[in-house]
Amino acid sequence: MTFTEAVLDGLRLVLIWPAPGYMLLGVAIGMFFGAVPGLGGLVGMAIILPFTFGMEPSVAFAFILGMYAVTTTADTLSSVLLGIPGTAASQATILDGYPMAQRGEASRALGAAYTVSMIGGVIGAVFLAISIPIVRPIILAFSEPELFAMAVLGLTMVASLSGKSIFKGTAAACFGLMLACVGFAEFGGVRRYWFEQNFLLEGLPIVPYVLGLFAIPEVLELAVRNTSISRVQREEVATSGIINGMKDAARHWWLGLRCTVIGVYVGMLPGLGGSIVDWVAYGHAAQSEKNGNFGKGDIRGVIAPEAANNAMKGGALLPTIAFAIPGSASMAILLSAFFIQGLEPGPQMLTDKLNITFTLVWTLVLANVAGAVALLLWGSQASKITYLQGHIILPAIMLVVFMGAWVGNGTLGNWIVLLAFGFIGYFMKLGGWPRPPIVLGFVLGKIMEEAMNLSMQVHGWGSFTRPIVLIIIALTIITVIFAVRSQRKKRAQKEARRNEASANSVQEEAMVVEEGGKDCPPASWPIATLLILVFAYCFYEAIPWSFSPKLFPQTVATVGLLLAVGALVFDLKGMAAIKAGTASADVVGIDKPYVLKSLYFLSWLIGIFILTLIIGQFPTLLLFVILYLKFWGKFGWKLIAIYTACAVAFLLIMFNEIVPVMWYEPAHLPSIFL
Amino acid sequence: MNFLKHSALGVMAVAAAAVGLNAPADAQFYKGKRVNIIINYSAGGNTDIQGRMVMRHMKKYIPGNPRLVFRHVSGAGGTVGANFLAEAGRTNGYMMGVFTIPIMSQVMKAPELRADLAAFHYVGAIGQQTISHIRKDAIPGKTIKNWKDLINTDHEIRTGGHGPSSSKDLRTRLFFEALEIPLKHVTGYKSGGKIRAAILKNELDMTADSLAGYFGRVVAQLIKPGISVPIWHVGTPGPNNTILHSPSVAKNIPSFQTVYEAKFGKGKRPSANIWNSIRTIAATREMLRIIVFRKGTNPKAVKIMRAAWDKTTKDKGFLKEYKKVNGSVYTGKSGVDAQKYVKSIVNVNPKLQKSLLDYADKARK
């Protein structure tokens, strides 16, 4: 079979019924799993895999890949509309997507995101098609030392995610690196920072952690201020938002293409993939694009991660098909599907079974187009949610947040993590601490420690003299130099802008506050103090461990401690300046009534946890909906009854039928769900 | 005589009535209910895929056709899930564990394992051998075609594992020490996939995989492309201090005992510590995956599920699919047998336990 024949035969196989039907079914399921925070492609693949037993290969792969292809397209919905990352691959999208929604430009953000997702996904698939025969040397050249170096390069993105204070940004990144050390370090046989909690042996669960950091602070604001997500009225917003977004995607085609390439290459490297690709692309955009307004609703901050996270999927398929090296858990499931179909990844996929390989490529192409078109058609309807009153959408958001945090492994510990990081995230936001570096540090920390440990065992100090490592080290140094220069330039521009401040720009700044954009020392010093205590404790706790498991946490704790002390000193100076009335315009005091009301609402969330222990999870969530609507929203009983009925239907259909979870039910009460 | 005859008939009638009454009672127990199944490794791994496959077939034989809901509680080599079932699991019969048994953690009294594996109620168990494979070019200037080309080398072989106390690490190190082959062991790989990738990149020479992993991944990735060859499997503990060839493994892949005797002579054994440790590890392969209830679970549930498991292991569809997924015939145990067997494994003598612990500690850096 020639190459052309294989391409055409692959297309024919994908178009023969029932393959297109299953692909569309997969796309529909994938959109659902992507849009609901906490689910994601991995859960979806694990659930649908058993249904592919007995299917023809082209049909089975159409079903699985149809689902897999679009989760990172649909995840933009909650990232943009609610500020909650739909999947791990859309964490960076919220940095600019959510501020756009607050400005009433949700549909524009979605239009741009879906367009670049589609193009990124298709290019990723095409890249997969043309690269299979030539990519072997690249994948085989990347080993643990190169992964370690890549992770260090990734850490330099902290500079572009730190907002105003690189000091706080770096300390926050160290906090993330530190959190990555929680759990059982198998290589040293040591349980680290687990506080005798069984669920922490697996490490800090990422979904509740990210939901806590990003979603809870936004929810608190909605509850306390009762504004809509969009700070502007619907009538003031252009009706052709989706079209404008598509035009934005076309205007920034060069950025989209660059990030697509980043996505493909990062996806190709086993061990990196989905968890960092959006951050790398976002960091690249923030560092390379001129006149950036990143973090405040710059459309390029949406285009970059969304182009990359779909393109990543074609890249991730490469090592799986060509060498049977699954770069992620999703790819491990795909490998199982290969085996169930009697196919063996490897050279035969490029020779005898090249047509099957092309069914994968065509499925990715068609599914990406189908998913993006469906979402583009539906996007402007979905964006209407951002104009609703805060009190009316908050209970629904809380159900999604609490259940999203629960889905992973269904322990109450997940809710503790959610609430604890919600509390920390709220004060970080208030105190001008950038939150993205914590997530980046957490994701990279896991990769870095494992890669460092294995590199030293396999290659020793020779790890750092390998050619690709040297190139990456050089790139890291260049990136740091550029980041420092860009920070200085930014500061100078800001200074100049402040001097000729127009009323318009002042209004815009008040509307959307960039991550780490404002200093509020009274809210910041508790975070700095907390970090000092955390770093000191982590260093002390690690003293008795053997060398390997303590090397990484103690190094990070030492650096983090110094940075946190530095941040505290700045905070104390800032507080003194506020007291003396000499503080600059960027340093603000605390809005006490707002903070007290926020803490009061936070106590309601803690109440959800406590009540769950007493009466069980399902009734507690419903009770929260009723009480919130009555006492915070002051709505009538008729609306409350309808809302509650919808909540019951949502919880039961979603989490009892489609993705059944194990509900928490106290032992002293009879079960509702058996 | 008549009395005896009538008594016997009476007993039979009561037994028949009991069975007759029991059958609908059994059907009612799970009717319209859901059974929560804890899997102690992440979604998509061998435990998950095999567990779901097994439960799909077993569901047909559970009276009342309950709904099965899967939940992954992974971490620390499977101990987190086992702890969860033992500490937070329900005893009403509606929560089970489908685990890869973290047996070495219990044998070595690892602190992260709080559950007592012998205290679970066993519904059934699946045995699964591991096959070791090595790069053909692991010894410079020589092409390794099979195990005979390896056993007399004095060249250092590079192997990989997950952690000093993992079964894979202990087994590999013990084998090489017994065979007196120099070894450079690298540990800390998060998954078997990462170890295989390192072999593909020629950073490691050798590792071992379960049959499911071997036929599902290794054959395509390393054997068929001509990079590696299989060398041996652990084997099954036999009588008189022996380790026998497992019926689930092809004849040309010998058990470790065969390899050892080929090098040192028929009937020879390494030190008692090493040999007993290897035999303990071999025993753990006999019930790698287990289906269990928490201690104190309703006996009725245990009885129903054990019966369902026994029927499943005779189901032609299950046996066919098992062979397809694992590349070998099914070997396993009934719930009753598994219950007895696990006790025999975990109750190792303190001297052996200490020796294993010391051995694992030697690898910690």
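Fair warning: this is a prediction, and the values are worked out from it, not measured in the lab. (Residues numbered from 1 in each chain as written. Chains lettered and ligands numbered in written order. Predicted model: local features only at pLDDT ≥ 70, side-chain atom pairs only at ≥ 80, totals over all residues. Heavy atoms only, no water.)

**Student:** Looking at this structure, how should I read the overall build of chain A?
**Tutor:** Looking only at helices and strands, chain A has 28 helices and 2 strands in total. Put simply, chain A has 674 residues, and 62% of those count as buried. Taking the contacts inside chain A whose residues are at least 6 apart along the sequence as the reference set, 80% of them involve residues at least 24 apart. Taken as a whole, chain A presents about 24800 Å² of accessible surface, with 69% of it coming from carbon and sulfur. (Helix = DSSP H or I, 4+ residues; strand = E, 2+ residues; numbered from the N terminus. Buried < 20%, exposed > 50% of the residue type's maximum accessible area, 1.4 Å probe, protein only. Contact = heavy atoms within 4.5 Å. Areas by Shrake-Rupley, 256 points an atom, 1.4 Å probe, with all protein chains shown as cover.)

**Student:** How do you make sense of helix α11 (residues 166-179) of chain A when you look at a structure like this?
**Tutor:** Every α-helix carries 3.6 residues per turn, so stepping three or four residues along brings you back to the same face. Residue and element names in this part refer to chain A. If you check α11, its first and last C-alpha atoms are 20 Å apart, about what 14 residues at 1.5 Å a residue would give, namely 20 Å. For α11, the buried fraction is high: 11 of the 14 residues fall into the buried class. For α11, the complete set of buried residues consists of Lys168, Gly169, Ala171, Ala172, Ala173, Cys174, Phe175, Gly176, Leu177, Met178 and Leu179. (Expected span 1.5 Å × (residues − 1).)

**Student:** Even after reading the chapter, I still don't get the domain arrangement of chain A, so can you show me in this structure?
**Tutor:** How big an interface is tends to be expressed through the accessible area that disappears when the partners come together. Residues and elements named next belong to chain A. Domain parsing of chain A yields domain 1 (3-229 + 241-489) and domain 2 (592-658). A C-alpha centroid distance of 30 Å is found between domain 1 and domain 2. Buried surface at the junction of domain 1 and domain 2, both sides included, amounts to about 3000 Å², of which 83% is carbon and sulfur. Joining domain 1 to domain 2, the criterion identifies 0 salt bridges. In this assembly, domain 1 and domain 2 are joined by 5 residue pairs in polar contact (both at pLDDT 80 or more). (Domains from an automatic or database assignment. Buried area = accessible area lost by both parts, 1.4 Å probe. Salt bridge = Lys/Arg side-chain N within 4 Å of Asp/Glu carboxyl O. Polar contact = N/O pair within 3.5 Å; in protein donor to acceptor, adjacent residues only side chain to side chain.)

**Student:** Can you help me understand the interface of chain B and chain A in this one?
**Tutor:** Of the residues lining the interface, 58 residues belong to chain B; the matching set on chain A comes to 60 residues. Joining chain B to chain A, the criterion identifies 3 salt bridges. Close ionic contact of Glu144 of chain A with Lys194 of chain B constitutes a salt bridge, the shortest N to O distance being 3.6 Å. For the pair chain B and chain A, the number of links is 14 residue pairs in polar contact (both at pLDDT 80 or more). Sorting the residues of the side of chain B that touches chain A by element identifies β1 (34-39), α2 (46-58), β2 (67-72), α3 (79-88), β7 (183-187), α6 (192-200), α7 (211-223) and α11 (316-326) of chain B as the ones contributing at least two each. Considering every element that reaches the side of chain B that touches chain A, the biggest residue donor is α7 of chain B, with 6 residues.

**Student:** When you look at the nonpolar core in this model, what are you seeing that I'm missing?
**Tutor:** Soluble globular proteins tend to pack their nonpolar side chains together in the buried interior. If you look at the biggest cluster of nonpolar residues, it comprises 276 residues, and the most contacted ones within it are Tyr209, Phe601 and Leu605 of chain A together with Tyr122 and Trp232 of chain B. When residues no more than four places from it in sequence are discounted, the contact partners of Phe601 of chain A are Val219, Leu220, Ala223, Leu394, Phe624, Tyr628 and Trp632 of chain A. Listed in part, the 29 residues of the second largest apolar core include Phe29, Phe70, Met96 and Met305 of chain B. (Core = buried A, V, L, I, M, F, W, Y, C linked by side-chain atoms within 4.5 Å.)

**Student:** Is there a simple way to think about the pattern of salt bridges in this case?
**Tutor:** If the charged atoms of two oppositely charged side chains come close together, the side chains can form a pair. Taken as a whole and assessed by the stated rule, the structure comprises 25 salt bridges over all chains. Between Arg114 of chain B and Glu87 of chain B there is a salt bridge; the shortest N-O distance is 2.8 Å. With a gap of 27 residues between them, Arg114 of chain B in the loop between α4 (103-107) and β4 (121-126) and Glu87 of chain B in helix α3 connect regions that are remote in the sequence. With a relative accessible area of 41%, Glu87 of chain B lands in the partly exposed category. Where Arg269 of chain B meets Glu261 of chain B, a salt bridge forms, and the shortest distance between an N and an O atom there is 2.9 Å. Judged by relative accessible area, which is 25%, Arg269 of chain B ranks as partly exposed. Its relative accessible area of 12% is what places Glu261 of chain B among the buried residues. Sharing partners across several salt bridges, the network here consists of Arg103, Glu105, Arg108, Asp248 and Arg251 of chain A.

**Student:** Looking at this structure, I do not really get the packing of aromatic side chains. What am I missing?
**Tutor:** Any aromatic ring pair is given by two values, namely how distant the centres are and how the planes are angled relative to each other. Counting across every chain of the model gives 45 aromatic pairs over all chains. Ring centres 5.4 Å apart and planes at 70 degrees place the aromatic pair Phe167 of chain A and Phe570 of chain A in the edge-to-face group. In this pair, Phe167 of chain A sits in helix α11 while Phe570 of chain A sits in helix α25 (residues 547-580), placing the two residues 403 residues apart along the sequence. For Phe167 of chain A, a relative accessible area of 32% translates into the label partly exposed. Over the ring of Tyr68 of chain A we find Lys313 of chain A; its NZ or CZ atom is 4.6 Å from the centre of that ring. Just above the ring of Phe70 of chain B sits the side chain of Arg52 of chain B; from NZ or CZ to the centre is 4.7 Å. (Phe/Tyr/Trp six-rings, centres within 6.5 Å; stacked < 30°, edge-to-face > 60°. Lys NZ or Arg CZ within 6 Å of the ring centre and 35° of its normal.)

**Student:** Explain the domain arrangement of chain B to me, please; I cannot follow it from the model alone.
**Tutor:** Residue and element names in this part refer to chain B. One can read the domain layout of chain B as domain 1 (34-127 + 288-347) and domain 2 (130-284). Here the C-alpha centre of domain 2 lies 27 Å away from the C-alpha centre of domain 1. In this complex, domain 1 contributes 17 residues to the contact, which on the side of domain 2 involves 16 residues. Taken over both partners, the interface formed by domain 1 and domain 2 buries close to 1200 Å², and the fraction arising from carbon and sulfur atoms is 64%. Connecting domain 1 to domain 2 are 0 residue pairs in polar contact (both at pLDDT 80 or more). Only α2, α4, α11 and α12 (335-346) provide two or more residues apiece to the side of domain 1 that touches domain 2. Counting residues per element, the side of domain 1 that touches domain 2 draws most heavily on α4, at 3 residues. Taken together, the residues of the side of domain 1 that touches domain 2 break down into 9 nonpolar, 7 polar and 1 charged. (Nonpolar A, V, L, I, M, F, W, Y, C, P; charged D, E, K, R; others polar.)

**Student:** Sorry, what's going on with α12 of chain B here?
**Tutor:** Residue and element names in this part refer to chain B. Between the first and last C-alpha of α12 there are 17 Å, a value that for 12 residues agrees with the 16 Å anticipated at 1.5 Å per step. Here α12 has its buried residues at Gly335, Ala338, Gln339, Val342, Ile345 and Val346. Viewed along the axis of α12, the buried residues span an arc of 135 degrees, placing them on a single side of the element. Every exposed residue of α12 that faces more than 90 degrees away from the buried side is listed here: Lys340 and Ser344. At its buried positions, α12 is contacted by α4, β4, α9 (272-284), α10 (299-312) and β13 (332-334). (Arc of directions from axis to C-beta.)

**Student:** For this particular structure, what's the right way to read the pairing of strand β8 (residues 206-210) of chain B?
**Tutor:** Looking down a regular strand, the side chains alternate between one sheet face and the other. Counting buried residues in β8 of chain B gives 5 out of 5 residues, a clear majority hidden from the surface. Of the two faces of β8 of chain B, the one holding Met206, Ala208 and Ser210 of chain B and the one holding Thr207 and Asp209 of chain B are both buried throughout.

**Student:** Would you take a moment to explain unusual backbone geometry for this structure?
**Tutor:** Outside of glycine, negative phi angles account for most residues, and trans bonds account for most peptide bonds. All names here are of chain A. At the junction of Trp17 and Pro18, the peptide bond is cis and its omega measures out at 15 degrees in the coordinates. Note on placement: Pro18 falls in the loop between α1 (3-15) and α2 (19-35). The backbone phi angle of Lys634 is positive, close to 55 degrees, even though this residue is not glycine. Tracing the sequence through the fold places Lys634 in the loop between α27 (617-632) and α28 (637-658).

**Student:** How should I be thinking about the side chain of Glu221 of chain A in this particular structure?
**Tutor:** All names here are of chain A. Within the element layout of this structure, Glu221 appears in helix α12 (residues 206-225). With relative accessibility at 14%, the residue Glu221 sits in the buried group. With residues near it in sequence (within four places) discarded, Glu221 still touches Asn226, Arg231, Lys429 and Tyr594.

**Student:** What's the story with the packing of α2 of chain B against α10 of chain B in this structure? I'm lost.
**Tutor:** In a packed pair of helices, the relevant descriptors are the angle between the two axes and the axis-to-axis distance. Residues and elements named next belong to chain B. Two elements in contact, α2 and α10, have axes separated by 9 Å at closest approach and are oriented at 100 degrees. One finds that α2 runs roughly perpendicular with respect to α10. Of α10, the residues touching α2 (which contributes Val54, His57 and Met58) are Met305, Ala308, Trp309 and Thr312. The class makeup of the residues in the contact of α2 with α10 is 5 nonpolar, 2 polar and no charged. (Axes fitted to C-alpha atoms, helices over the stretch in contact; angles between N-to-C directions. Parallel < 35°, antiparallel > 145°, perpendicular 65-115°, else oblique.)

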